[in-house]
Amino acid sequence: MPEVKVTAEMLVDLDGYRIGSRLRGRFGVVRTRWRDRQAGLTRDVDVSTGLEGPRKTLREVYQDAAEARRAADAAVREIKAGEEDMRLLLVG
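Residues numbered from 1 in each chain as written. Predicted model: local features only at pLDDT ≥ 70, side-chain atom pairs only at ≥ 80, totals over all residues. Heavy atoms only, no water.

(A) Expanded view of the overall build of the chain. The number of helices and strands found in the chain is two helices and five strands. Reading the helices (α) and strands (β) of the chain from amino to carboxyl end gives α-β-β-β-β-β-α. When burial is assessed residue by residue, the chain has 20% of its 92 residues classed as buried. When contacts within the chain are restricted to residue pairs at least 6 apart in sequence, those whose partners lie at least 24 apart make up 61%. Roughly 7,600 Å² of accessible area belongs to the chain as shown, and the carbon and sulfur atoms make up 49% of that amount. (Helix = DSSP H or I, 4+ residues; strand = E, 2+ residues; numbered from the N terminus. Buried < 20%, exposed > 50% of the residue type's maximum accessible area, 1.4 Å probe, protein only. Contact = heavy atoms within 4.5 Å. Areas by Shrake-Rupley, 256 points an atom, 1.4 Å probe, with all protein chains shown as cover.)

And the structure:
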């Protein structure tokens, strides 16, 4: 987890202490599609995120299965990027 600098202005307001966070969408599976030209079909690639939630389908149809898999893996990394846990103990 990268180091984050927390300043007093980020924690204190007139009501006391606060910590802000932004909720991210939770998806259980990322689906991408690719065009199988030999078979004349559009095929799916599903990659699990390891989280509970609905399926996210990327809009673009990719050239081949490898490209579709790379795009799905990148989407999984983006979804998981906001899943870190931070605990803060204020003494005083």
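Structure's up, so let's keep going.
(B) Main features of the pattern of salt bridges. A complete count under the given rule lists four salt bridges for this structure. A salt bridge links R31 to D44; the shortest N-O distance between them is 3.6 Å. Placement of the pair is R31 in strand β3 (residues 29-36) and D44 in strand β4 (residues 41-48), with a sequence separation of 13 residues. Relative accessible area serves as the criterion here: at 18%, R31 is assigned to the buried category. With its nearest N and O atoms 3.4 Å apart, the salt bridge here joins R69 to D73. In this pair, R69 and D73 both sit in helix α2 (residues 65-80), four residues apart, roughly one turn of the helix. Take R69: its relative accessible area is 41%, and that puts it in the partly exposed class. Three or more residues joined by partner-sharing salt bridges are found here, namely R31, D44 and D46. (Salt bridge = Lys/Arg side-chain N within 4 Å of Asp/Glu carboxyl O.)

(C) The sheet that holds β4, seen in detail. Ordered in space as β4-β3-β5, the three strands form an open sheet in which the pairing is mixed. Looking at the sheet topology across the chains shown, the edges are occupied by β4 and β5 (55-62). Each adjacent strand pair in this sheet contributes to an overall mean axis angle of 25°, direction not counted. Sheet analysis places β3 next to β4, joined by eight bridges and oriented antiparallel. (Pairing = 2+ DSSP bridges. Axes fitted to C-alpha atoms, helices over the stretch in contact; angles between N-to-C directions.)

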